[in-house]
Amino acid sequence: MKKYVDDFKVIKNERLNHEYLVLTLKHPDKMPEMMPGQFVEVRVDNGPNTFLRRPISIHDVDYENNTMLLLVQEIGEGTRLMGKLKEGDNCNLVYPLGNWFALPDKPRVLLVGGGCGIAPLLFMGRRLKANGIEPRFLLGARSSDGLIALDAFKELGEVYTTTEDGSAGTKGYVIHHPVVKTHTPEIDWIYTCGPEAMMKVVAKYAGNHDIRCQVSLENHMACGFGACLCCVAETLDGHKCTCTDGPVFDSTYLKW
Amino acid sequence: MTASGTFGYGEEFMDFFEISCLGGVLVKGTTLNHREGNLYPRMAETPQGMLNAVGLQNKGVHYFADHIYPRIKDYDTHMLVNVSGSTIEEYVETAKVVNDLEKIPGIELNISCPNVKEGGMAFGTSCPSAVAVIEAVRKVYDKHLMVKLSPNVTNIAEIAKAAEDSGADSVSLINTLLGMAINAKTRRPVLSTITGGLSGPAVKPVALRMVWQVAQVLNIPIVGMGGIMNTNDAIEFMLAGASAIQVGTANFIDPTVTEKIVHGIEDYCKEHGFDKASDLVGAMEV
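Just so it is clear, the structure is predicted and the values come from calculations on it, not from any experiment.

(A) Spatial organisation of the overall build of chain B. When helices and strands are counted, chain B shows nine helices and 13 strands. Computed over its C-alpha atoms, the radius of gyration of chain B comes to 18 Å, within 12% of the 19 Å expected for a compact globule of 286 residues. The principal-axis extents of the C-alpha atoms in chain B amount to approximately 50 × 50 × 40 Å. The 286 residues of chain B split such that 58% are buried. Restricting the contact set of chain B to residue pairs at least 6 apart, pairs at least 24 apart contribute 70%.

Okay, here's the thing in structure tokens:
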């Protein structure tokens, strides 16, 4: 898929809570096709400590309006600067980068997200739905205020939630939710993105139940397009770049 | 030119611009045998720069010759191979294989990689070992031999002179500066290797100083690099004495930056009354 460098225009910066926001970015002309699981590299560029671009998952796209959504969690200086972007500001992106989630060969799918890792699952849910597959989402957070953008997910399919403190949904981690514990209704495919510890548990569960599982990694990277070789993951074939061979990998391909 | 390890094999950038505008591409560090490189994490962002500890991940020179060379040999620019090794024999064997590749007009002998346990930088930090590896490679390599120098030395001019006397056709400098980063929250090093190579604007003043020092003693051309982010930086290196420049880390931030610099140098020459870019070389007025 051809890659581009373009200035997008910020048309909305919607704050969801004290640490999450959704940026709506408008392409200058006609936005090229992008796939769920792919990401963009955002130029932050405002300070000495934000030298490199920031890799951010594509949360959703709207080809009709030539816009894309980025879900941003303010965890460092770069993402905090992104949080300060205002309507009308330019936002330079290298995009679309990386591979994407595969469509399942069986219809019963579960999309498991934790924290900011829910970002690509909305876009994937939309693609699944467009292909006649009903997405089901299992979203986890530390507490209820970390369960974000739920309405957008509910528009696409059933949403299950967990929180570590029990303030919403099932108390515990995603792996403790009844849908996973009882394996009912049946699951054929899992797509997961979030903290590595969560994904590892989900991948193990999938392995034990003969479920195909695709995971999306968030390794630190410098370039995002295969030039720097910094973001490697250990796979059955040795080191592979998360940015070009991933970010989506079959869980069984990773040396976890 | 684009610096080794920051531009892949050129292919990674073809969506962004036409690489024929470049003077050359230094393909990534190539060794005799396959190398997996270092463990993740290999990168740390630092003020105005980054540390890397990739560790020369590559599939070996034979794989390069059989599988990559056929794809890249007809690119309309100079494709040079960065050659590295752990022993003199490895450097020699690798250089021999590349010598037989008709469309590769030169190599950059990397005696300055800080991220490998054996060899690499060790060769480039003392005159006798630098001389030994350069002389050995010179015997088997007929085409342009560029030697990439380490900044992690007390007197870079001395090593540069030794390279010239050993048969180098040009020198390139600087490779990355040895550095490290610690995460105060976890009290652990950020890189799996603890130390790594620093690049980016943070190293530019050091690089510029070294290019200037080397230019005082060398007759062969100097290829300058170290934190070049834009045309102005490139011009500074040329004024300090570099006949050509390489752009490295900036490729990660703006994949089209080299094309901009190529045109920027042309514009600078027109604006300041220089007939050709080579008139800028060493033109700093003191």
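(B) Representation of the packing of helix α5 (residues 156–165) of chain B against helix α6 (residues 204–215) of chain B within the structure. Residue and element names in this part refer to chain B. Between α5 and α6, whose axes approach to 9 Å, the crossing angle comes to 50°. The angle between α5 and α6 places the two elements in the oblique class. As for how α5 packs across α6, the hand of that crossing is right-handed. For the pair formed by α5 and α6, the contact residues are I156, A157 and A160 on the first element and M210, Q213 and V214 on the second. Its residues assigned to classes, the contact of α5 with α6 comprises five nonpolar, one polar and no charged.

(C) Region of the structure containing the domain arrangement of chain A. Residues and elements named next belong to chain A. Here chain A is described as being made up of domain 1 (4–97) and domain 2 (109–216). Relative placement of domain 1 and domain 2: their C-alpha centres are 24 Å apart. Taken residue by residue, the interface counts 18 residues in domain 1 and 16 residues in domain 2. Here domain 1 meets domain 2 over a buried area of about 1400 Å², counting both sides, of which 67% is carbon and sulfur. In terms of surface lost to domain 2, no three residues of domain 1 exceed P36, H59 and D60, which account for 36% of the buried area on that side. For the interface between domain 1 and domain 2, the tally reads one salt bridge. One salt bridge in this structure joins R126 and D60, with 2.7 Å as the shortest N-O distance. Where domain 1 packs against domain 2, one counts five residue pairs in polar contact (both at pLDDT 80 or more). Elements represented by at least two residues in the side of domain 1 that touches domain 2 include exactly β5 (60–62) and β6 (67–73).

(D) Region of the structure containing the interface of chain B and chain A. Tallying the contact residues gives 35 residues for chain B and 30 residues for chain A. Interface area for chain B against chain A, summed over the two sides, is near 2700 Å², with a carbon-plus-sulfur share of 60%. Three residues stand out in chain B for area buried against chain A, namely Y40, E45 and I253 of chain B, and they jointly supply 25% of the buried area on that side. The partner of K3 of chain A in a salt bridge is D15 of chain B, and the shortest N-O contact between them spans 3.6 Å. Seen at the junction of chain B and chain A, the total is 10 residue pairs in polar contact (both at pLDDT 80 or more). Put simply, the parts of the chain that give the side of chain B that touches chain A at least two residues each are β2 (43–46), β3 (49–52) and α8 (250–253) of chain B. Considered class by class, the residues forming the side of chain B that touches chain A number 14 nonpolar, 14 polar and seven charged.

(E) Expanded view of the pairing of strand β13 (residues 212–216) of chain A. All names here are of chain A. Taken across its five residues, β13 has four buried, putting it largely inside the fold. Bridge count between strand β12 (residues 189–193) and β13: five bridges; the pairing is parallel. The residue of β13 that forms the bridge with T192 is V215. Bridge count between β13 and strand β16 (residues 248–250): three bridges; the pairing is antiparallel.

(F) A look at a nonpolar patch on the surface. Residues and elements named next belong to chain B. Taken together, the side chains of M180, I182 and I194 make up a nonpolar region of the molecular surface, amounting to roughly 300 Å² of accessible area. Structurally, the position occupied by I182 is in strand β9 (residues 182–183). Judged by its relative accessible area of 59%, I182 is exposed.

Conventions and cut-offs
- Residues numbered from 1 in each chain as written.
- Chains lettered and ligands numbered in written order.
- Predicted model: local features only at pLDDT ≥ 70, side-chain atom pairs only at ≥ 80, totals over all residues.
- Heavy atoms only, no water.
- Helix = DSSP H or I, 4+ residues; strand = E, 2+ residues; numbered from the N terminus.
- Rg over C-alpha atoms; globule rule 2.2 N^0.38 Å.
- Buried < 20%, exposed > 50% of the residue type's maximum accessible area, 1.4 Å probe, protein only.
- Contact = heavy atoms within 4.5 Å.
- Axes fitted to C-alpha atoms, helices over the stretch in contact; angles between N-to-C directions.
- Parallel < 35°, antiparallel > 145°, perpendicular 65-115°, else oblique.
- Left-handed = near helix turned anticlockwise from the far one by under 90°.
- Nonpolar A, V, L, I, M, F, W, Y, C, P; charged D, E, K, R; others polar.
- Domains from an automatic or database assignment.
- Buried area = accessible area lost by both parts, 1.4 Å probe.
- Salt bridge = Lys/Arg side-chain N within 4 Å of Asp/Glu carboxyl O.
- Polar contact = N/O pair within 3.5 Å; in protein donor to acceptor, adjacent residues only side chain to side chain.
- Pairing = 2+ DSSP bridges.
- Patch = residues over 30% accessible without salt bridge, like charges linked within 9 Å, V, L, I, M, F, W, Y side chains within 5 Å.
- Areas by Shrake-Rupley, 256 points an atom, 1.4 Å probe, with all protein chains shown as cover.

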